[in-house]
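Chain by chain, the residues run as shown.
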Amino acid sequence: MECKDAMTVKLSHALPQRVDDASAFLKGLANPHRLMILCALAQGERNVSALIAETGVAPASMSQHLSKLKDEGVVDCRRDHRTLTYFIAHPATIQIMAVLYDHFCARDDA
C-alpha cells in the first residue's frame, strides 16, 4: 500500500469527532513528565516507587500524572495488596512511544 493510500481519510460526519478524540489523546501525552513515565512503562510494568526512582518525578506529581493517564485510558494498573503496578493499556501508545524513541532517543543509545 502506498503511503498516500494509507494516509487517505474518508471524509464523513464522524471525522470531526475522531480528530477531537485524537487531539485529546495526544494532549495527554504532550507533557515531559508523562512522556518520561510512558518511556519507563514502555519497557515494562512498574510500580509507583519504581516510576518515581526512574523518572525523578515527585510523588505528588506522579500521582496526578498517573491519574490523568489512567482517566484517559492510556495506562491502567492492577493492585497486589498495597502495591499498584502500572502498565500501558492503550495499544496506540506503544506504537507512538516506539516512533518517538526512534526519532528522539535511539541516536543517544548508539
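Residues numbered from 1 in each chain as written. Predicted model: local features only at pLDDT ≥ 70, side-chain atom pairs only at ≥ 80, totals over all residues. Heavy atoms only, no water.

## A look at the overall build of the protein chain
The line we're drawing: Put simply, DSSP H or I for four residues or longer makes a helix, DSSP E for two residues or longer makes a strand, and each gets a number counted from the N terminus. The contact criterion used is simple: two residues touch if any of their non-hydrogen atoms lie within 4.5 Å. Only the protein chains shown count as cover for residues, with accessible areas throughout obtained via the Shrake-Rupley method and a probe of 1.4 Å.
Within the protein chain one finds six helices and three strands. Ordered by position in the sequence, the α and β elements of the protein chain form the string α-α-α-β-α-α-β-β-α. Nonlocal contacts in the protein chain, meaning residues at least 24 apart in sequence, comprise 49% of its contacts between residues at least 6 apart. In the form shown here, the protein chain has an accessible surface area of approximately 7,800 Å², with 56% of it arising from carbon and sulfur atoms.

## Considering the nonpolar core
The following threshold applies: Joining through side-chain atoms within 4.5 Å is the link that ties buried Ala, Val, Leu, Ile, Met, Phe, Trp, Tyr and Cys residues into a set, and such a set is a nonpolar core. Buried residues are those whose accessible area, probed at 1.4 Å on protein chains only, stays under 20% of the maximum for their type, while exposed residues exceed 50% and partly exposed ones sit between those limits.
Counting residues in hydrophobic clusters, the biggest one holds 16 residues, and the most contacted among them are Ile37, Leu38, Leu41, Leu51, Val74 and Val75. Among the secondary structure elements, those contributing two or more residues to this core are helix H2 (15-29), helix H3 (32-42), helix H5 (59-71) and strand S3 (83-88). Sort the elements by how many residues they give to this core and H3 lands first, with four residues.

## Some points on H2
One turn of the α-helix equals 3.6 residues, which is why residues spaced by three or four share an orientation. To keep things clear, this is the line we draw: Here a helix's expected span is defined as the number of its residues, less one, multiplied by 1.5 Å. Arc definition: directions from the helix axis to the C-beta atoms.
Between the first and last C-alpha of H2 there are 21 Å, a value that for 15 residues agrees with the 21 Å anticipated at 1.5 Å per step. Among the residues making up H2, those that are buried are Phe25, Gly28 and Leu29. Relative to the axis of H2, the buried residues are bounded by an arc of 105° and lie together on one face.

## Overview of the environment of Met36
Structurally, the position occupied by Met36 is in helix H3. Of the residues examined, Met36 reaches a relative accessible area of 35% and is grouped as partly exposed. Sequence-wise, Met36 and Thr55 are 19 residues apart; in three dimensions their C-alpha atoms are separated by 6.1 Å. Among residues more than four places away in sequence, those in contact with Met36 are Thr55 and Val57.

## What to know about the sheet that holds strand S1 (residues 46-47)
Going by this rule: Two strands are counted as paired when DSSP detects at least two bridges linking them. Here an axis means a line fitted to C-alpha atoms, over the contact stretch when the element is a helix, while the angle between two N-to-C directions is reported on a 0 to 180 degree scale.
Pairing is antiparallel across the open sheet formed by three strands, whose spatial order is S1-S3-S2. Whereas interior strands pair on both sides, the edge strands pair on one side only; in this sheet they are S1 and strand S2 (75-80). Bridging between S2 and S3 involves six bridges; their strand directions are antiparallel. Each residue of the ladder has a partner; that of Val75, found in S3, is Ile88. Its contacts with the sheet place H5 against S2 and S3, and it is angled at close to 110° to S2.

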